[in-house]
Amino acid sequence: PHDVLYLRDEDTGALWSATALPIRRAEASYTCMHGKGWTRFSTDAHGIELELTQCVPTADPLKLSRLRLCNRSTRTRRLSVTGYVAWALGANGTTPAPYVITARDAVTGALFARNPWRPDFGERVAFFDMAGQQQSISGDRGEFLGPLGGVDAPTALRDGAPLSGKLGS
């Protein structure tokens, strides 16, 4: 996956994804439903029932995601939600990562990304925002994924520490 929403139980350290990939739990149930212009992923894992609905408005160049959580366990839960994106700011089949420059929007806190090395993408700005609720941020893919680089076990989510805030090229 090139974009992932992770959930982490801050008390137990349990980590899972909102969809069946990249972290699939054998004991969890997963469903995916497609409609005209939307997709809904439902997951029941670690006592949390989750519904992720995603759509792309016909008039706007963006993807909207709505995440709903319901605690089905008998205990109070402290959960964090972390978003990850591998920017596709280049031609299909290319690896734009070394050329992507990230920044944080001072007003909203959103993560901005652009690729000035590609004439067809140079002026475009991609963004990732969690409705202004993000508490930490990083534009460093290596920091987030770790030395082995797997989206199925990101190093940055092992201990629940805040992201470094590293941005730029």
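Residues numbered from 1 in each chain as written. Predicted model: local features only at pLDDT ≥ 70, side-chain atom pairs only at ≥ 80, totals over all residues. Heavy atoms only, no water.

Draft legend 1. Representation of the overall build of the protein chain. Tallying secondary structure elements over the protein chain gives one helix and ten strands in all. Of the regular secondary structure in the protein chain, the N- to C-terminal order runs β-β-β-β-β-β-β-β-β-β-α. Each principal axis of the C-alpha atoms in the protein chain carries an extent, and together these give about 55 × 40 × 30 Å. Partitioning the intrachain contacts of the protein chain with sequence separation of at least 6 by distance along the chain shows that 46% fall at a separation of at least 24. A total accessible area of about 10,500 Å² is found for the protein chain, and carbon and sulfur atoms account for 54% of it. In the protein chain, 19 positive and 17 negative side-chain charges are present, and the distance between their average locations comes to 3 Å. (Helix = DSSP H or I, 4+ residues; strand = E, 2+ residues; numbered from the N terminus. Contact = heavy atoms within 4.5 Å. Areas by Shrake-Rupley, 256 points an atom, 1.4 Å probe, with all protein chains shown as cover. Lys, Arg positive; Asp, Glu negative; His and termini not counted. Charge placed at Lys NZ, Arg CZ, Asp CG, Glu CD.)

Draft legend 2. Just the environment of Thr 39, in detail. Note that Thr 39 resides in strand S4 (residues 38–45). Each C-alpha atom of the pair Thr 39 and Cys 55 lies 6.5 Å from the other, and the pair is 16 residues apart in sequence. Those residues in contact with Thr 39 that lie beyond four places of it in its chain are Cys 32, Met 33, His 34, Leu 52, Thr 53 and Gln 54.

Draft legend 3. Fine view of the pairing of strand S8 (residues 101–104). Examined bridge by bridge, S8 and strand S9 (residues 111–114) share four bridges and lie antiparallel to one another. The residue bridging Ile 101 from the neighbouring strand is Arg 114, located in S9. Count of turn residues in the S8/S9 antiparallel hairpin: six residues, of which Gly 109 carries a positive phi of about 85 degrees. (Pairing = 2+ DSSP bridges.)

Draft legend 4. View of the pattern of salt bridges. Evaluation of the coordinates by the stated rule reveals nine salt bridges. Two residues, Lys 166 and Asp 140, come together in a salt bridge whose shortest N-O distance is 3.1 Å. Of this pair, Lys 166 sits in the segment after helix H1 (141–145) while Asp 140 sits in the loop between strand S10 (126–128) and H1, placing them 26 residues apart in sequence. Several salt bridges share partner residues, and in doing so they unite Asp 9, Arg 75 and Arg 77 into one network. (Salt bridge = Lys/Arg side-chain N within 4 Å of Asp/Glu carboxyl O.)

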